[in-house]
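# Working through the structure, step by step
Here's the letter readout for the chains.
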Amino acid sequence: MSNPHPTYEALTAHYTRLHRYGHLQAMAWWDQACNMPPKGQEARAAALAEVAALIHRMRTDPQLPQQFERAAQEPLDDAQRANLREMQREWQSDNALPEALVQAKTLATSRCEHAWRTQRPANDWHGFLENFRPVLRIAREEAALLSAQNGLRPYDALMDRYEPGMTSETVERVFGDLRQWLPGLIARVVERQSRERPIEAQGPFPKAAQRALSLELMALLHFDFEAGRLDESAHPFSGGVPEDVRLTTRYREDDFVQSLMGTIHETGHARYEQNLPRELLGQPVALARSMAIHESQSLSFEMQLARSPGFVELIAPLLRKHFGAQPAFEPGNLHRLLTRVEPGFIRVDADEVTYPAHVILRFEIERALIEGDIEAEDIPALWDEKMQSLLGVDTRGNYRDGCMQDVHWPEALFGYFPCYTLGAMYAAQWFATLRRGTPDLDARIASGDLAPVFDWLRDNIWLQGSRWTTDELAQRASGEPLNPAHFKSHLESRYLG
Ligand code: CO
């Protein structure tokens, strides 16, 4: 019997090869971050640049568009059509920008990011501005080019790279609603918690004990250690490939919560990767759906599951086992420690109630920047005003802990920030659906039976890969597209219930 879709087959072979090169690239990168001796640095950087160039050539192969057209004429089933759609989406975004702009962007962002590392601690906004202006100019040019090509608004065109299908109109509506009730909710929670006096945990918490605890938690969360590992690096990340996921964390001996929650968060990302559809691995349709959906998995683990009273009951004996018994590890007290809400300057240190305020502020500023409504000079005043109105925090003159705190803008990652809060909203939506289907969910979690959570996520999210658009995925999983009402009721029931 002759092959009914030879062109489609040739395309899948091409993407499988790309996946294999990507595999080696990811491992070399992990090794560089975790193990490499300093004298290996220069040669490794050269080797990685060589592989990156090879992968870029393959991804932008000029033959591909004709092959897409021919493959579309072949008798393909729905999953194959979805794969072809994702191949084309990938190709378009890889080819959208002229070589010269890509190079200018690499140059401007690496200069800006490199200088930012010392300018941030020095609180040097004016120095930063010098390098940031060219980054912004290039990002606007990039947005205009992408927008001309796909018809989206300039900011949406940038956001589409991380969150395909999401528009600023939707984000504006969702965040606009959040802006109405969030500051009031934060005030009520802070007022209520001011009457609580949870017992603080007493350190130090030895690194070896924290690592042993991390590994035990990952096992409890069904991380597949035959298909991944945990290491330590200066900047924690999750990398590798679905067949071999590499997580890293870092340990502070005076605070165990950071590595504990960091590991649980990354394990959520990891389990998504480890459970992407195996038979299609290497194909674009088998990739994670989007950044918000990825974040909805890490936050399902870190916020929805790990901070639920039932899970805290599971953690308490593990803390006693690894750090020795102390009054702070009583489950009720531990839960109060893990759900404390405190408005602060720094996004990455924020709790789940104040976190969205940090994201709303960044979204409003970066969209105005990209659409040309404001200039880079205008950022600090807007930042101060929004921090004051959203969180009641005074950032005047404090660029270091204000508008210079994130690496996203120096690296031109405009359009990424909304994904964090959209992810938190999807996570709340997934758990609302789970609770409807499993009314005794919390009792089962407390008894150590986490299967209902993992089975639901595996069937509805992980195994779906990129088969559906994000709206379709949410609709199929939960019966509706993104509905932020679930996030609101989650926060109200956990913090005011
Ligand atoms: Co994450």
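Presented here is an overview of the structure given in this document.

Cut-offs and rules
- Residues numbered from 1 in each chain as written.
- Predicted model: local features only at pLDDT ≥ 70, side-chain atom pairs only at ≥ 80, totals over all residues.
- Heavy atoms only, no water.
- Helix = DSSP H or I, 4+ residues; strand = E, 2+ residues; numbered from the N terminus.
- Rg over C-alpha atoms; globule rule 2.2 N^0.38 Å.
- Buried < 20%, exposed > 50% of the residue type's maximum accessible area, 1.4 Å probe, protein only.
- Areas by Shrake-Rupley, 256 points an atom, 1.4 Å probe, with all protein chains shown as cover.
- Pairing = 2+ DSSP bridges.
- Axes fitted to C-alpha atoms, helices over the stretch in contact; angles between N-to-C directions.
- Contact = heavy atoms within 4.5 Å.
- Core = buried A, V, L, I, M, F, W, Y, C linked by side-chain atoms within 4.5 Å.
- Salt bridge = Lys/Arg side-chain N within 4 Å of Asp/Glu carboxyl O.
- Donors = N, O, S within 2.8 Å, 3.2 Å for Na, K, Ca; no water.
- Polar contact = N/O pair within 3.5 Å; in protein donor to acceptor, adjacent residues only side chain to side chain.
- Phe/Tyr/Trp six-rings, centres within 6.5 Å; stacked < 30°, edge-to-face > 60°.
- Lys NZ or Arg CZ within 6 Å of the ring centre and 35° of its normal.
- Disulfide = S-S within 2.5 Å.
- Parallel < 35°, antiparallel > 145°, perpendicular 65-115°, else oblique.
- Left-handed = near helix turned anticlockwise from the far one by under 90°.

### A few points about the overall build of the protein chain
A tally of regular secondary structure across the protein chain gives 20 helices and three strands. Taking 2.2 N^0.38 as the reference for a compact globule, 497 residues should give roughly 23 Å; the C-alpha atoms of the protein chain span a radius of gyration of 23 Å, in line with that estimate. Dimensions of the protein chain, computed from C-alpha atoms along their principal axes, come out at roughly 70 × 60 × 50 Å. Burial analysis of the protein chain (497 residues in total) assigns 52% to the buried set. For the protein chain, the accessible area works out to roughly 22,200 Å², and carbon and sulfur atoms hold 52% of it.

### Observations concerning the sheet that holds strand β2 (residues 238-241)
Reading across the sheet, the three strands line up as β1-β3-β2 and stay open at both edges, with mixed pairing between neighbours. In this open sheet, the two edge strands, each paired with only one partner strand, are β1 (228-232) and β2. Ignoring strand direction, the axes of neighbouring strands in this sheet form an average angle of 20 degrees. Pairing analysis gives four bridges linking β2 to strand β3 (residues 244-249), with the strands arranged antiparallel. Its bridge partner being in β3, S238 is matched across the sheet by L247. Sitting on the sheet, helix α1 (residues 6-34) touches β1, β2 and β3, and the angle it makes with β2 is about 140 degrees. Packed onto the sheet, helix α9 (residues 207-220) meets β1 and β3 and runs at close to 155 degrees relative to β1.

### Observations concerning the nonpolar core
Grouped together as the largest cluster of nonpolar side chains are 120 residues, with contacts concentrated most on F132, F311, F414 and I461. Those residues in contact with F132 that lie beyond four places of it in its chain are C112, A376, I379, W409, P410 and F414. By size, the runner-up hydrophobic cluster in this structure holds 13 residues, among which are Y8, M58, L76 and M87.

### Notes on the pattern of salt bridges
Using the criterion set out here, one finds 33 salt bridges in the structure. The partner of R367 in a salt bridge is E172, and the shortest N-O contact between them spans 2.3 Å. Within this pair, whereas R367 is found in helix α14 (residues 355-370), its partner E172 is found in helix α8 (residues 168-193), the two being separated by 195 residues in sequence. On the accessibility criterion, R367 (17% relative accessible area) is buried. Two residues, D244 and R246, come together in a salt bridge whose shortest N-O distance is 2.8 Å. Residue R246 is classed as buried on the basis of its relative accessible area, which comes to 11%. Linked by salt bridges that have partners in common, R85, E86, R89 and R289 make up one network.

### Describing the coordination of the cobalt ion
Every protein donor of the cobalt ion is listed here as H265 (NE2), H269 (NE2) and E295 (OE), and their distances to the metal cover 2.2 to 2.4 Å. Here the donor residues for the cobalt ion map to a single chain with the spacing H-x3-H-x25-E. Here H269, found in helix α10 (residues 257-274), pairs with E295, found in helix α11 (residues 291-305); they are 26 residues apart in sequence, far enough to count as distant. Accessibility assignment for this pair places H269 and E295 in one class, buried.

### Notes on the side chain of Q326
Among the secondary structure elements, Q326 is positioned in the loop between α12 (309-323) and α13 (331-338). Those residues within four positions of Q326 in sequence are excluded, and the remaining contacts are E200, A201, Q202 and F205.

### So, the side chain of S168
Position of S168 relative to the elements: it lies in helix α8. When neighbours within four sequence positions are excluded, S168 is seen to be in contact with R153, Y155, D156, M159, F363 and R367.

### A word on the environment of W462
The topology assignment puts W462 in the loop between α18 (451-460) and α19 (470-478). Linking W462 and Q41, residues 421 residues apart in sequence, is a C-alpha distance of 36 Å. Residues in contact with W462, not counting those within four places in the same chain, are R271, Y272, N275, L276, P277, Q297, F301, F454 and L457. At 2.8 Å, the side chain of W462 and the side chain of Q297 are in polar contact.

### Re the packing of aromatic side chains
For the structure shown, the criterion picks out 22 aromatic pairs. Judged by centre distance (5.9 Å) and plane angle (90 degrees), the rings of F256 and F329 are edge-to-face. Here F256, found in the loop between β3 and α10, pairs with F329, found in the loop between α12 and α13; they are 73 residues apart in sequence, far enough to count as distant. The exposure classification of F256 matches that of F329, with both residues buried. Through pairs of rings, three or more aromatic residues link up here, namely Y162, Y355, W383, W409, Y416, F417 and Y420. Just above the ring of F454 sits the side chain of R271; from NZ or CZ to the centre is 4.7 Å.

### Here we look at the pairing of β2
Of the two faces of β2, the one holding G239 and V241 is buried and the one holding S238 and G240 is not buried anywhere. Between β2 and β3, which pair antiparallel and follow one another directly, the connecting turn spans two residues.

### What about the state of the cysteines?
Counted under the stated rule, the structure contains zero disulfides. Here C403 stays unpaired: no disulfide links it, and the sulfur of C112, its closest cysteine neighbor, is 12 Å away.

### A short note on α18
Taken together, the buried positions of α18 are occupied by P452, V453, F454, W456 and L457. Contacts made by the buried residues of α18 are with α9, α10, α11, α16 (418-437), α17 (441-446) and α19.

### Focus on the packing of α10 against α11
Two packed helices can be described by the angle between their axes and the distance between those axes. Packing of α10 against α11 leaves a shortest axis separation of 7 Å and a crossing angle of 135 degrees. As far as their axial angle goes, α11 and α10 are oblique. At the point where α10 passes α11, the crossing takes the right-handed sense. Within the contact between the two elements, α10 uses M261, I264, H265, T267, G268, H269, R271, Y272 and E273 and α11 uses I293, H294, E295, Q297, S298, L299, F301 and E302.

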